[in-house]
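So the chains spell out like this:
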Amino acid sequence: MKVVSVVGARPQLVKLAPIADAFAGTEHQHVIVHTGQHYDADLSDVFFTGLGIPQPDVHLGIGSGSHGVQTGHALAALDPVLAAERPDWVLVYGDTNSTLAATLSAVKQHLRVAHLEAGLRSFNRRMPEEHNRVLTDHAADLLLAPTEEAMRHLAGEGLAARSVLVGDVMVDVCLAVRDAVLAGGKPAALPEGIDPTEPYLVVTLHRAENTDDPERLAALVDALAGLPVPVALLAHPRLTARAEEHGVKLDRGSLRVGRPLPYAGMVAAVLGAAGLITDSGGLQKEAYLLGRPCTTLRPQTEWPETLDGDWNRLVPDPHELGAAPWAAVATRPAPPAPRGEPYGDGRAAREVVRVLTEAGR
Ligand code: UD1
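Residues numbered from 1 in each chain as written. Predicted model: local features only at pLDDT ≥ 70, side-chain atom pairs only at ≥ 80, totals over all residues. Heavy atoms only, no water.

S.K.: Explanation requested: the state of the cysteines in the structure shown.
M.R.: Each disulfide is one covalent bond, formed between the sulfur atoms of two cysteines. If you walk through the whole model with that rule in mind, you get zero disulfides. Cysteine Cys-174 shares no disulfide, and the gap to the nearest cysteine sulfur, in Cys-294, comes to 12 Å. A relative accessible area of 0% means that Cys-174 is categorised as buried. Here Cys-294 falls in the buried class, since its relative accessible area comes to 0%. (Disulfide = S-S within 2.5 Å. Buried < 20%, exposed > 50% of the residue type's maximum accessible area, 1.4 Å probe, protein only.)

This is the structure:
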């Protein structure tokens, strides 16, 4: 069996790591195509080296642009690559513009598409990721769902016959890296001004709905800067670019700004932190897996299982809470509630290879 994985953005590289590893022990041919949606070393190269992923077989170098331009460039560049490879499966990941482009290119060429992380929904039709995941699920031939909740969403949209519950490949990589970090015993590389022996919070903020409106961005940064503990803000290039454009100063109050961290560095930073504040999907789940309380700066989450037992709390607007309750939420201690295994047991990638092999016959 020949499988082409198409990736392009940071969270896809994290999911690719356990998949590439699972294919490495088989007779199958696994080809990696990188669209180049993320091109900064911090968002791409360090994930290949840090997670031991083989270098991409093909790199398309599409770069940034408006949604249409970025998706269109990737689509046009993928057509000849997939035509030449003619794989048994095109494997697409998550919900980025690269996911949608690869899906469109493949289905138009009558190549079978499998969607990893199928069935997630925020039901917020203004999110670019929501367009990408809904359109991808409806075009794909095989829907690899990470959770029971995702399976229910797919069934509700008439897609049950194409859906398989495989678990979440991010558990595979997160738990393996956690063990390596704990065994290595090295402290996290935090922004200057954060003392890792004192309580601190980790923050990431990059979603378009939080960064692109100047007033919203300024209000969120104000709320973070006013927290009573040091805050390590690991700034995505989108955040840095929009903050500069809108004249929002990031390095102030409790905020200490640093660059995005490689995967193991992020796991170490979260393990050392008192809690996490984010708008990332993946980090909400990593906080849950690593046992740190998370506060999510969004009105919805695609990972509602993390909300159980107050391990994750949705705060769409910190100012609505008032300064003191917001600080109390953001710095709340880890709750006593046990965490279940809603995302599987860390063997999802092998299950993906097994399902692709079975369904490919
Ligand atoms: C993308 C995904 C998002 C995912 C995120 C993870 C879409 C629609 N969004 O968002 O779902 O959670 O990746 O990081 O696909 N930039 C750089 N260097 C880079 C990449 C981007 O400077 O290597 C800057 C550019 O100014 C660019 C902006 O970041 O315009 C946004 O990048 P883009 O790939 O469009 O979306 P992300 O915000 O990264």
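Still more ground to cover, so stick around.
S.K.: For this particular structure, what's the right way to read unusual backbone geometry?
M.R.: Peptide bonds are trans in most cases, and residues, glycine excluded, mostly fall at negative phi. Despite not being glycine, Phe-123 shows a phi value in the positive range, around 60 degrees. With respect to the secondary-structure elements, Phe-123 resides in the loop between strand 5 (113-116) and helix 5 (128-139). According to the relative accessible area criterion, Phe-123 is exposed, its value standing at 57%. You will see that Asp-310, though not glycine, has its phi angle at about 70 degrees, which is positive. Here Asp-310 shows up in the loop between strand 12 (294-296) and strand 13 (312-314). (Helix = DSSP H or I, 4+ residues; strand = E, 2+ residues; numbered from the N terminus.)

S.K.: What am I meant to see in the environment of Ala-106 here?
M.R.: Along the chain, the position of Ala-106 falls in helix 4 (residues 97-108). In the structure, Ala-106 is positioned 105 residues away from Met-1 in sequence and 16 Å away in space, judged by C-alpha atoms. When sequence neighbours within four positions are dropped, the list of residues in contact with Ala-106 reads Leu-82, Val-90, Leu-111 and Val-113. (Contact = heavy atoms within 4.5 Å.)

S.K.: Please clarify how the sheet that holds strand 3 (residues 58-59) should be interpreted in this entry.
M.R.: Within a sheet, neighbouring strands are paired by backbone hydrogen bonds and run either parallel or antiparallel to one another. Judged by pairing direction, the sheet is parallel, and its seven strands sit side by side in the order 3-2-1-4-5-6-7 without closing on themselves. Where the open sheet ends on each side, the last strands, each with one partner, are strand 3 and strand 7 (163-165). Where strand 1 (residues 2-7) meets strand 2 (residues 29-34), six bridges bridge the pair, whose relative direction is parallel. Bridge assignment links Val-3 to a residue of strand 2, and that residue is His-30. (Pairing = 2+ DSSP bridges.)

S.K.: Honestly, the site of the ligand in this entry has me stumped. Any pointers?
M.R.: Not every one of the 20 residues close to the ligand is listed here, only the nearest: His-38, Tyr-39, Asp-40, Glu-129 and Arg-238. Breaking the shell around the ligand down by element, the ones donating at least two residues are helix 3 (67-85), helix 5 and helix 10 (237-246). Its residues assigned to classes, the shell around the ligand comprises six nonpolar, nine polar and five charged. (Near = heavy atom within 4 Å. Nonpolar A, V, L, I, M, F, W, Y, C, P; charged D, E, K, R; others polar.)

S.K.: Which parts of the structure should I look at to understand the sheet that holds strand 8 (residues 201-204)?
M.R.: Overall, parallel pairing links the six strands, which are arranged 10-9-8-11-12-13 in an open sheet. Whereas interior strands pair on both sides, the edge strands pair on one side only; in this sheet they are strand 10 (255-258) and strand 13. Between one strand axis and the next, the sheet turns through 20 degrees on average, direction left out of account. Pairing of strand 8 with strand 11 (residues 275-278), which is carried by four bridges, proceeds in the parallel orientation. Bridge pairing in strand 11 links Leu-201 to Gly-275. Of the strands in this sheet, strand 8, strand 9 (231-234), strand 10 and strand 11 touch helix 9 (residues 214-225), which is tilted by about 115 degrees from strand 10. (Axes fitted to C-alpha atoms, helices over the stretch in contact; angles between N-to-C directions.)

S.K.: Honestly, the layout of surface pockets in this entry has me stumped. Any pointers?
M.R.: By rolling a water-sized probe across the atoms, one finds the places where empty space is left. Here the second largest pocket is characterised by a volume of approximately 310 Å³. Around the second largest pocket sit 18 residues that line it, and Ala-17, Pro-18, Asp-21, Ala-22 and Asp-172 are the ones nearest its centre. Here the residues of the lining of the second largest pocket are counted per class, giving twelve nonpolar, two polar and four charged. (1 Å grid on protein atoms, 1.4 Å probe; cavity = no way out; pocket = protein on both sides within 12 Å on 5 of 7 lines; lining within 4 Å. Points joined across faces, edges and corners; volume = space filled by probe spheres on them.)

S.K.: For this particular structure, what's the right way to read the nonpolar core?
M.R.: Nonpolar side chains in soluble globular proteins tend to end up buried together. With 87 residues, the main nonpolar core has Ile-19, Leu-91, Leu-144, Tyr-263 and Leu-356 as its most contacted residues. Here this core spans two domains, since at least three of its residues come from each of domain 1 (2-168 + 344-359) and domain 2 (177-330). Apart from residues lying up to four places away in sequence, Tyr-263 is in contact with Val-14, Phe-47, Leu-51, Met-170, Val-173, Cys-174, Val-177 and Glu-286. Counting 26 residues, the second-largest nonpolar core is a separate cluster that includes Leu-233, Leu-239, Ala-243 and Leu-255. (Core = buried A, V, L, I, M, F, W, Y, C linked by side-chain atoms within 4.5 Å. Domains from an automatic or database assignment.)

S.K.: What is the right way to look at the pattern of salt bridges in this model?
M.R.: One side chain can pair with another of opposite charge once the charged atoms of both are near each other. Under the defined criterion, the tally for this structure stands at 22 salt bridges. Arg-207 is the partner of Glu-129 in a salt bridge, and the nearest nitrogen-oxygen pair spans 2.7 Å. Taken together, the residues Glu-129 in helix 5 and Arg-207 in the loop between strand 8 and helix 8 (208-211) connect sequence positions 78 residues apart. Given the relative accessible area of 14%, Glu-129 is considered buried. On the accessibility criterion, Arg-207 (8% relative accessible area) is buried. For Arg-133, the salt bridge goes to Glu-302, with nearest N and O atoms at 3.1 Å. Of this pair, Arg-133 sits in helix 5 while Glu-302 sits in the loop between strand 12 and strand 13, and the two are 169 residues apart along the sequence. An identical accessibility class is assigned to Arg-133 and Glu-302; each is buried. (Salt bridge = Lys/Arg side-chain N within 4 Å of Asp/Glu carboxyl O.)

S.K.: Is there a simple way to explain empty space enclosed by the protein in this structure?
M.R.: Counting across every chain of the model gives one cavity of 30 Å³ or more. Of the voids in this model, the largest cavity is the one considered here, and its volume is about 40 Å³. Lining the largest cavity are Leu-116, Glu-117, Leu-144, Ala-145, Pro-146, Gly-167, Asp-168 and Val-169. Along the lines of polarity and charge, the residues of the lining of the largest cavity split into five nonpolar, one polar and two charged.

Shape descriptors only; they carry no functional weight alone.
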